[in-house]
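Structural overview for review
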Amino acid sequence: QVQLVESGGGLVQAGGSLRLSCAASGRTFSSYAMGWFRQAPGKEREFVAAISGSIWRGENYGDSVKGRFTISRDNAKNTVYLQMNSLKPEDTAVYYCARHSGGYLDRRETNYGYWGQGTQVTVSS
């Protein structure tokens, strides 16, 4: 059973930064693509960023965060990160980490089989 545990959320002023972490259980972490998604109140969950598994190499970002957020991973620590800079009030949401069913980049949440419990990010204006 794969478990994903997010941390690093909190309250920050507009223009500030936060780094989210997602620690994963399991011995084959490096093989799988990992993603971050977010859901704001009253809105559907949306894709934020993804990073491929070790064979594929690459990252992909949602249009609203491109140039401000950076996804990375440390396979030795079974951890994926989301560095969020220049935060805006519209970035306020619950952020979820997810593990893909394979190693390639993918924005479709239906292809992510394991999800964390989420961490709240609130950006004040």
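Reading the values: the criteria
Residues numbered from 1 in each chain as written. Predicted model: local features only at pLDDT ≥ 70, side-chain atom pairs only at ≥ 80, totals over all residues. Heavy atoms only, no water. Salt bridge = Lys/Arg side-chain N within 4 Å of Asp/Glu carboxyl O. Helix = DSSP H or I, 4+ residues; strand = E, 2+ residues; numbered from the N terminus. Buried < 20%, exposed > 50% of the residue type's maximum accessible area, 1.4 Å probe, protein only.

1. Re the pattern of salt bridges
Any two side chains of opposite charge can pair, so long as their charged atoms come close to each other. One pass over the full model with this rule turns up six salt bridges. Aspartate 91 is the salt-bridge partner of arginine 38, the closest N and O atoms lying 2.9 Å from each other. Linking arginine 38 in strand β4 (residues 34–39) with aspartate 91 in the loop between β8 (79–84) and β9 (93–100), this pair joins segments that are 53 residues apart in sequence. The exposure classification of arginine 38 matches that of aspartate 91, with both residues buried. As a salt-bridge pair, glutamate 109 and arginine 45 come within 3.0 Å of each other at their nearest N and O atoms. Of this pair, glutamate 109 sits in the loop between β9 and β10 (112–115) while arginine 45 sits in the loop between β4 and β5 (46–51), and the two are 64 residues apart along the sequence. You can call glutamate 109 partly exposed: its relative accessible area is 28%.

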